Number of protein chains: 2
Amino acid sequence: MKRIAVVGAGTIGLSWATLFATKGFRVFIYDPRNDLKEVFEEYVQSIKPTLELLELPTEEWVQHITLSTSLEEAVKDAQIIQENGPENLAWKQQLYAEMEQFVAPDTLFLSSSSTLGASDIAEKMQMPGRMLIGHPFNPPLVMPLVEVVPGKSTSQDSVESAMTFYASLGKKPRLIQKEVFGFVANRLQFAMLQEAMHLVDSGVVSMNDLDEIVKDSIGLRWAVTGPMLGMHLGGGQSGMEAFLRHLGTTMERTWREQGDVVLDDETIKRLAEKSLGAYGHRTIAEHGRARDELQIEFLTKRREK
Amino acid sequence: MKRIAVVGAGTIGLSWATLFATKGFRVFIYDPRNDLKEVFEEYVQSIKPTLELLELPTEEWVQHITLSTSLEEAVKDAQIIQENGPENLAWKQQLYAEMEQFVAPDTLFLSSSSTLGASDIAEKMQMPGRMLIGHPFNPPLVMPLVEVVPGKSTSQDSVESAMTFYASLGKKPRLIQKEVFGFVANRLQFAMLQEAMHLVDSGVVSMNDLDEIVKDSIGLRWAVTGPMLGMHLGGGQSGMEAFLRHLGTTMERTWREQGDVVLDDETIKRLAEKSLGAYGHRTIAEHGRARDELQIEFLTKRREK
């Protein structure tokens, strides 16, 4: 049985651990927090409905998990490490240098980092060739995407191992070819979120209506085609070229007129208050279950094609 | 039987006409093009598979359509006019002033305009209170969204009539509260497309991979929750406030580092060439059918919730 260490047991780490364990890996979780056992037990209960939706075993996987009491114990016999610590460069550099002392030379180091790159994180490693980013879209148990981002020292072998590993879990790893800040999914997401927050905050549209607008147009479209094929089909028989020639000046004008959002305390409070008005009638857990249920159904439909 | 005039029979106009006719309206289409009859007959054949997917009658609706030989004939007895002409302000102002001479005082004037606003379009009308924007997301036969955007003179009655009318067709009309250029869906869409084109054009990610990344992350997410509820659930128990506090500086940095795209001839050609490499293995019609099929299945799933 292959062994995986999950270092850092926040939301992302626990979701990864569940995925690994349900796919037959032996999983060692390490997190310095004192209440790891309680947090894990609570999580095991809360994740059951999602596992049912995914048609995965809801109980047996827990037997594949060990809560390690030290970093060394968690990583020492692992073939793969998936790290999910805070986005703190000095801390991560230290952590990787430390983990490296305990493991075999062919251990693969994967970081869930969403902003720090492998070139920086691996800087203090003896063998940086075996370290790279495997950034999931939360929660990794449900969402297919993993952004695989090598650093300047990452070996081709490690890239291939990471791609194969994530694919073997049923995920959809995608290779990012340059180490840009925020990688791809978040850069795209944040570009749209800025304009979304601007339009709501300036009274153009209500928060609820903005969500419904996206669900009934670009959300639906991009879940099916993605944005580039979406443009290609928007141009009729002449495809993307016609789309860009027809809409180019309109697009450029909207870019010039996009709102700037500054996420200061007041703006955050204003938007947070609107979000409670729009969504506060249900708990986060209720919304989350409805979200995961429909996402899983859409994924099943898409796989059938 | 209620009468609707569809003025302008391009892609959008024909799709509206089909929707109106299948929902039991008597539809009069006017377009000055000489080959309207041929274009319409070809369209009737091509739209059959989509009508089947929508479980709408595939033949009978054609009997509810009249191809009018003059603007006057098309609009004179219509209760509602849906106009789909080119985005040319002087032309539209002239058209609306002309149509107004032929119709009853309670006729509702709706424009599919994606950029020009009702305040400008209605400027030369005698009764501008009855004119507003009803901007669909293409194709209106399939996509639920209609952005309803009143101008400065639009009456409250007209807004309500438009909202009721589109809802009666099974569409999801949303009221836009300020006349911003590009309205909401396209402003949001274009904000993300700029960064998407930048990332592909600068070699960060392949065009195909970018589409897959979006389909497997934010596309899927936004089809289910929209972006604002998506943020709210991304913040854990403390909702949007926690999300924005946790990711605010990261978001702001990606905004600063977003790429500027200039849609000049060379850029358009470069992207168009990549799109043929990525998607040229299937025809536009084949891609379009697959897109509509899965979109319709997702919509059906979503309605069941």
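What you are looking at is a predicted structure, and each value in this text was computed from that prediction instead of being measured.

**Q** Would you mind going over the overall build of chain A with me for this structure?
**A** From N to C terminus, chain A includes 13 helices and eight strands. Rg of the C-alpha trace for chain A: 21 Å, near the compact-globule value of 19 Å for 305 residues, within the 12% margin. The burial tally for chain A puts 60% of its 305 residues in the buried class. Taking the intrachain contacts of chain A between residues at least 6 apart in sequence as the baseline, contacts between residues at least 24 apart amount to 66%.

**Q** How do you make sense of the packing of aromatic side chains when you look at a structure like this?
**A** Each pair of aromatic rings is reported with the distance of its centres and the angle of its planes. Enumeration over the complete set of coordinates arrives at 16 aromatic pairs over all chains. Plain terms: the ring middles of B:F20 and B:F165 are 5.6 Å apart, the flat faces sit at 45° to each other, and that makes the pair tilted. One end of the pair, B:F20, is in helix α1 (residues 11–22); the other, B:F165, is in helix α7 (residues 156–168), with 145 residues separating them in the sequence. Ring pairing ties together the aromatic residues A:W16, A:F20, A:F25, A:F165 and A:Y166, which thus form one cluster. Just above the ring of B:F181 sits the side chain of A:R253; from NZ or CZ to the centre is 3.7 Å.

**Q** Would you mind showing me how to read the sheet that holds strand β7 (residues 145–150) of chain B here?
**A** For sheets, the rule is that strands pair by backbone hydrogen bonds, running either parallel or antiparallel. All names here are of chain B. Ordered in space as β3-β2-β1-β4-β5-β6-β7-β8, the eight strands form an open sheet in which the pairing is mixed. If you trace the sheet from one side to the other, it starts and ends with β3 (65–67) and β8 (172–175), each paired once. Taking each pair of neighbouring strands and ignoring which way they run, the sheet shows an average axis angle of 25°. Where strand β6 (residues 131–136) meets β7, five bridges bridge the pair, whose relative direction is antiparallel. Each residue of the ladder has a partner; that of G134, found in β7, is V148. Sitting on the sheet, helix α2 (residues 36–46) is in contact with β2 (26–30) and β3, with an inclination near 150° to β3.

**Q** I would appreciate a short explanation of the interface of chain B and chain A in the present structure.
**A** Often, the extent of an interface is quoted as the loss of accessible area on bringing the components together. Listed as interface residues are 104 residues of chain B and, on the opposing side, 103 residues of chain A. Summed over both partners, the interface of chain B with chain A buries about 10,800 Å², with 71% contributed by carbon and sulfur atoms. Residues B:E297 and A:K301 are paired through a salt bridge, measuring 3.7 Å at the closest nitrogen-oxygen approach. Counting across the chain B and chain A interface gives 26 residue pairs in polar contact (both at pLDDT 80 or more). Per-element tally for the side of chain B that touches chain A: the top contributor is helix α9 (residues 207–224) of chain B, with 17 residues. Looking at the side of chain B that touches chain A residue by residue, the class counts come to 54 nonpolar, 26 polar and 24 charged.

**Q** Is there a simple way to explain the side chain of A:T254 in this structure?
**A** Mapped onto the elements, A:T254 comes out in helix α11 (residues 239–257). A residue is classified by how much of its surface remains accessible, and A:T254, at 1% relative accessible area, is buried. Within the local environment of A:T254, its side chain forms a polar contact with the backbone oxygen of A:M251, the two atoms lying 2.8 Å apart. In this structure, A:T254 is in contact with B:F181, B:R187 and B:F190, ignoring residues within four places of it in sequence.

**Q** It is not clear to me how the packing of helix α8 (residues 185–201) of chain A against α9(B) should be interpreted in this structure. Could you clarify?
**A** Two numbers describe a pair of packed helices, the interaxial angle and the distance between the axes. At a minimum axis separation of 10 Å, α8(A) and α9(B) run at an interaxial angle of 50°. Between α8(A) and α9(B), the crossing angle belongs to the class labelled oblique. Relative to α9(B), the crossing made by α8(A) is right-handed. Across the interface between the two elements, A:A185, A:L188, A:Q189, A:M192 and A:L193 of α8(A) pack against B:L210, B:I213, B:V214, B:S217, B:I218 and B:W222 of α9(B). When its residues are assigned to classes, the contact of α8(A) with α9(B) shows nine nonpolar, two polar and no charged.

**Q** What am I meant to see in the UniProt feature "site: Important for catalytic activity" (unreviewed entry) in chain A here?
**A** Residue and element names in this part refer to chain A. Using the residue numbers shown here, the UniProt feature "site: Important for catalytic activity" (unreviewed entry) corresponds to H135. Mapped onto the fold, H135 is located in strand β6 (residues 131–136). Ignoring sequence-local partners within four residues, the contact set of H135 consists of S111, S112, S113, S114, L145, V146, E147, F183 and N186.

**Q** What is the right way to read the UniProt feature "domain: 3-hydroxyacyl-CoA dehydrogenase C-terminal" (unreviewed entry) in chain A from this model?
**A** UniProt annotation of "domain: 3-hydroxyacyl-CoA dehydrogenase C-terminal" (unreviewed entry) refers to residues 182–252 of chain A when read in the numbering used here. Along residues 182–252 of chain A one finds 82% helix and 0% strand; the C-alpha atoms at either end are 24 Å apart.

**Q** Got a minute to help me understand the environment of B:S119 in this structure?
**A** Residue and element names in this part refer to chain B. Structurally, the position occupied by S119 is in helix α6 (residues 118–121). When its relative accessible area of 13% is taken as the criterion, S119 is described as buried. Between the alpha carbons of S119 and Y30 there is a distance of 24 Å; along the sequence they are 89 residues apart. If near-sequence neighbours (up to four positions away) are discounted, S119 is found in contact with G151, K152 and E179. Only 2.5 Å separates the side chain of S119 from the side chain of E179, close enough to count as a polar contact.

**Q** It is not clear to me how the relation of the copies chain B and chain A should be interpreted in this structure. Could you clarify?
**A** Two copies of the chain are present, and they differ by a rotation about an axis and a shift along that axis. Between the two copies, chain B and chain A, the superposition gives an RMSD of 0.0 Å; the rotation angle is 180° and the shift along the axis is 0.0 Å. Taken together, the rotation angle and the small translation identify this as a two-fold axis. Both copies share a contact surface, since 99% of the interface residues of chain B are interface residues in chain A too.

**Q** Where do I start with the pairing of β8(B) in this structure?
**A** Successive residues of a regular strand alternate their side chains across the two faces of the sheet. Residue and element names in this part refer to chain B. As judged from the four bridges shared by β7 and β8, these two strands associate in the parallel manner. Following the sheet pairing, V148 is matched in β8 by L175. Running through α7, the crossover from β7 to the neighbouring parallel element β8 is right-handed.

**Q** Looking at this model, I keep getting lost on the domain arrangement of chain A. Mind explaining?
**A** All names here are of chain A. Taken as a whole, chain A is organised into domain 1 (3–175) and domain 2 (185–304). Relative placement of domain 1 and domain 2: their C-alpha centres are 29 Å apart. Residue-level contacts link 13 residues of domain 1 with ten residues of domain 2. Overall, the association of domain 1 and domain 2 removes approximately 930 Å² of surface from exposure, summing both partners, and the carbon and sulfur fraction of that is 69%. A per-residue breakdown of the area domain 1 buries against domain 2 is headed by L53, F137 and V142, which together make up 43% of the total. For the pair domain 1 and domain 2, the number of links is zero salt bridges. Applying the counting rule to domain 1 against domain 2 returns one residue pair in polar contact (both at pLDDT 80 or more). Put simply, the parts of the chain that give the side of domain 1 that touches domain 2 at least two residues each are α3 (48–53) and β7 (145–150).

**Q** Would you mind going over the pattern of salt bridges with me for this structure?
**A** For side chains bearing opposite charge, pairing can occur when the charged atoms are close. All told, the structure shown has 38 salt bridges over all chains when counted by the stated rule. Put simply, A:E304 and A:K301 hold a salt bridge, and the shortest N to O gap is 3.7 Å. Taken together, the residues A:E304 and A:K301, both in helix α13 (residues 284–304) and three residues apart, mark about one turn of the helix. Residue A:E304 is classed as exposed on the basis of its relative accessible area, which comes to 56%. One salt bridge in this structure joins B:D35 and B:R33, with 2.7 Å as the shortest N-O distance. Among the residues examined, B:R33 registers a relative accessible area of 36% and is labelled partly exposed.

Conventions and cut-offs
Counting from 1, residues in each chain are numbered in the order their sequence is written. Think of it this way: whatever chain is written first is A, whatever ligand is written first is 1, and the rest follow in order. Reporting of local features is limited, given that this is a predicted model, to residues whose pLDDT is at least 70; pairs of side-chain atoms are given and counted only at 80 or more, and all residues count toward the totals for whole chains, interfaces and linings. Only hydrogens and water are removed before side-chain values are computed, so all heavy atoms of the structure are retained for them. Under the DSSP-based scheme used, a helix requires at least four consecutive residues in state H or I and a strand at least two consecutive residues in state E, with every element numbered from the N terminus. Both definitions apply: the radius of gyration is a C-alpha atom measure, and the globule rule equals 2.2 Å times residues to the power 0.38. Burial classes: relative accessible area under 20% of the type maximum marks a residue as buried, over 50% as exposed, and values in between as partly exposed (1.4 Å probe, protein chains only). The contact criterion used is simple: two residues touch if any of their non-hydrogen atoms lie within 4.5 Å. The aromatic pairing rule takes the rings of Phe, Tyr and Trp, using the six-membered ring of Trp, and pairs them if the centres are within 6.5 Å, calling planes under 30 degrees apart stacked, those over 60 edge-to-face and the rest tilted. Counted as over-ring charges are cases with an Arg CZ or a Lys NZ within 6 Å of the ring centre that also lie within 35 degrees of the ring normal. For two strands to pair, DSSP has to find at least two bridges joining them. Helix axes are fitted to C-alpha atoms over the stretch in contact, other axes to C-alpha atoms as well, and angles between N-to-C directions run from 0 to 180 degrees. By convention, the term buried area covers the 1.4 Å-probe accessible surface removed from two parts as they join, with the contributions of both added. Note on definitions: salt bridges are taken to be side-chain nitrogens of Lys or Arg within 4 Å of carboxyl oxygens of Asp or Glu. Identification of polar contacts relies on pairs of N or O atoms within 3.5 Å, with a donor-acceptor requirement for protein atoms, meaning one able to donate a hydrogen and the other able to accept it, and with residues adjacent in sequence counted only if both atoms are side-chain atoms. All residues other than Ala, Val, Leu, Ile, Met, Phe, Trp, Tyr, Cys, Pro, Asp, Glu, Lys and Arg, Gly among them, are scored as polar; the first ten of these are nonpolar and the last four charged. Small angles under 35 degrees read as roughly parallel and large ones over 145 as roughly antiparallel, with 65 to 115 read as roughly perpendicular and the rest as oblique. Crossings are assigned a handedness: left-handed for a near helix turned anticlockwise from the far helix by less than a right angle, right-handed for a clockwise turn. UniProt positions are given in the numbering used here, feature names are shortened, and annotations may be inferred rather than shown by experiment. Least-squares superposition aligns the copies on the C-alpha atoms of those residues with pLDDT at or above 70 in both. Viewed with both strands pointing away, a crossover whose connecting path from the first strand over the helix to the second turns clockwise is right-handed. For each domain, the first and last residues come from an automatic or database assignment.

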